[in-house]
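Residues per chain, in single letters:
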Amino acid sequence: MRKRKIHPWPVRLCHWINLLAMIGMVMSGWGIYNADPLFSFLTFPQSSTVGGWLGGNIAWHLAVMWLLAGNALIYLTWGLFSGHFRRDFFPFTPQSIWHDVVQALTFKLPHKLGEYNAVQKVMYVGVLLLGALLVLSGLSIWKPVQFSGLVWLFGGFDIARYVHFFAMSGVLLFVVIHVVMVLLVPKTLVAMITGGKKQSIKESADE
């Protein structure tokens, strides 16, 4: 037997850095979007952007991008080598997802700190994949000549912009659901700040 925090410190550190970085990326990204909107009916209020003008928006976006990239690299490296992804995000099946969706819709889904249900698992894996899609489409938009192969894979520069927009929309949807769940179960916020209570767990043979 050994003891561990519900949320180890690398998870908590990367979580809060990611929050700040995502706010900067979204607000500067909205400013860049406003300079050449994809949809005639959608622009974002100037007060919700950062940078003041297109050049400032781009400068903020690129600066925060490095913080986000470095934080993501640390999180992915730690998650893979510590077993965090394998232990906490897998396994899940279509049957388990459907079962937990039904449980959630009928308000019968239990929530245990440190244990992810199937819906949470697929959402976390999904947002990681959306993050990868954001990086690849973002590189295509940022350096379309240097990354011409990526641009081609996306079907062209314009389509890469749409992919980037909808991937970010997916991440924001995840954030909204995440915040709602925190409001419904406030103790999860405390655990992400303090690490939560220590739990005794058995060492598995493959750890």
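Note that this is a predicted model, so its numbers are computed, not measured.

Participant: Explain the pattern of salt bridges to me, using residue names and the numbers behind them.
Facilitator: This model, assessed by the stated rule, comprises two salt bridges. A salt bridge links Asp36 to Arg161; its shortest N-O distance comes to 3.1 Å. Of this pair, Asp36 sits in the loop between helix H1 (9-35) and helix H2 (54-82) while Arg161 sits in helix H7 (residues 157-184), placing them 125 residues apart in sequence. For Asp36, a relative accessible area of 45% corresponds to the partly exposed category. Classification of Arg161 by relative accessible area gives buried; the value is 16%. Taking the shortest distance from any N to any O, the salt bridge between Asp88 and Arg87 comes out at 3.9 Å. Since its relative accessible area comes to 11%, Asp88 is described here as buried.

What counts and what doesn't
Residues numbered from 1 in each chain as written. Predicted model: local features only at pLDDT ≥ 70, side-chain atom pairs only at ≥ 80, totals over all residues. Heavy atoms only, no water. Salt bridge = Lys/Arg side-chain N within 4 Å of Asp/Glu carboxyl O. Helix = DSSP H or I, 4+ residues; strand = E, 2+ residues; numbered from the N terminus. Buried < 20%, exposed > 50% of the residue type's maximum accessible area, 1.4 Å probe, protein only.

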